[in-house]
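What follows is the residue order along each chain.
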Amino acid sequence: AGKNRIHHFDAASDESQRGRLLRIDEIRRGLAEGEFVLHYQPKINLRTGAVVGLEALVRWQHPTEGFLLPVHFIPLLDRHPLAVQLGSWVIDEALAQLSRWHVEGLRLHVSVNVDSQQLIDPDFVSRLIRQFDRYPGIDPTQLELEILETGALENLAQVASLIERLSALGGLRPG
């Protein structure tokens, strides 16, 4: 590597990294092409059997590989800025669905997972406010943000500050 330095090249690691970057490009393209969808899993009160809310679960309808579960794409976005874009899409799509249900007379609660990249994004709260502004019929308490423990543990002070800011917005609360 020059100047009394040695660099060991690991072909397997290089190939793995190259494959990850290609897949991230596919994810970016898939978002642009509308290949991602949300499925809603009911949250049930086990004592009463009543539906108490829904959890939004992202899926990828890949053009050649078919229906992909998050395990096939979410881990690739670890510490990547595209995680923020995907997370923002999930929130926006969940709000759009809540709005459609509202028109049909249904008042439901939906929870979405929030990735650590979203937590550290300085525009997260302002983006969330703009998203709610696009769906004025939705009460902020209808959206529950489930902060993934791994993200929360990395920076507790920042997460605590974020929770305070969300709570100050008039009812937004982490799920």
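Our subject is the structure listed above.
**Regarding the environment of valine 52**
And then number 1: Along the chain, valine 52 falls in strand 2 (residues 51-62).
And then number 2: With 10 residues separating them along the chain, valine 52 and proline 42 place their C-alpha atoms 7.6 Å apart.
And then number 3: Leave out the neighbours within four places in its chain, and valine 52 touches Lys43, Ile44, Asn45 and His109.

**Some points on the environment of glutamine 158**
And then number 1: If you trace the backbone, glutamine 158 turns up in helix 6 (residues 156-167).
And then number 2: Residue glutamine 158 is classed as partly exposed on the basis of its relative accessible area of 29%.
And then number 3: For the pair glutamine 158 and isoleucine 120, spaced 38 residues apart in the sequence, the C-alpha separation amounts to 7.5 Å.

**A few points about the nonpolar core**
And then number 1: Formed by 38 residues in total, the largest nonpolar core has its most connected members in Val112, Phe124, Leu143 and Leu145.
And then number 2: Those elements that provide at least two residues to this core are helix 1 (11-32), strand 1 (36-44), strand 2, helix 2 (82-103), strand 4 (110-114), helix 4 (124-133), strand 5 (143-147) and helix 6.

**A closer look at the packing of aromatic side chains**
Geometry of an aromatic ring pair is reported as the spacing of the ring centres plus the angle between the planes.
And then number 1: Under the defined criterion, the tally for this structure stands at 5 aromatic pairs.
And then number 2: Where tyrosine 40 meets tryptophan 101, the ring centres are 5.2 Å apart and the plane angle is 70°; that geometry is what we call edge-to-face. In this pair, tyrosine 40 is assigned in strand 1 and tryptophan 101 in helix 2, connecting sequence segments 61 residues apart.
And then number 3: With a relative accessible area of 22%, tyrosine 40 lands in the partly exposed category.
And then number 4: With relative accessibility at 14%, the residue tryptophan 101 sits in the buried group.

**Considerations on the pattern of salt bridges**
Where charged atoms from two side chains of opposite charge come close, those side chains can pair.
And then number 1: As enumerated under the stated definition, the model contains 10 salt bridges in all.
And then number 2: The closest approach of N and O atoms between arginine 107 and aspartate 139, which form a salt bridge, is 2.9 Å. With arginine 107 in the loop between helix 2 and strand 4 and aspartate 139 in the loop between helix 4 and strand 5, the pair connects residues that are 32 residues apart, well separated along the chain.
And then number 3: For arginine 107, a relative accessible area of 47% translates into the label partly exposed.
And then number 4: One network of salt bridges, with partners in common, ties together Arg23, Glu26 and Glu65.

What counts and how
- In every chain, residue numbers begin from 1 and rise along the written sequence.
- Two thresholds apply to this predicted model, a pLDDT of at least 70 for residue-level local features and 80 or more for giving and counting side-chain atom pairs, whereas whole-chain, interface and lining totals are computed over all residues.
- Based on all heavy atoms of the structure, the side-chain values leave hydrogens and waters out of the count.
- Put simply, DSSP H or I for four residues or longer makes a helix, DSSP E for two residues or longer makes a strand, and each gets a number counted from the N terminus.
- Contacts between residues were defined by any pair of non-hydrogen atoms, one from each residue, lying within 4.5 Å.
- A simple rule labels every residue: compare its accessible area, found with a 1.4 Å probe on the protein chains alone, to the largest value its type can have, and call it buried under 20%, exposed over 50%, or partly exposed in between.
- As used here, the term nonpolar core means buried Ala, Val, Leu, Ile, Met, Phe, Trp, Tyr and Cys residues forming a set that is joined through side-chain atoms within 4.5 Å.
- A pair of Phe, Tyr and Trp rings is counted when the ring centres sit within 6.5 Å of each other, with Trp represented by its six-membered ring. The angle between the planes then sorts it: under 30 degrees is stacked, over 60 is edge-to-face, the rest tilted.
- Salt bridges are defined by distance alone: a side-chain nitrogen of Lys or Arg within 4 Å of a carboxyl oxygen of Asp or Glu.

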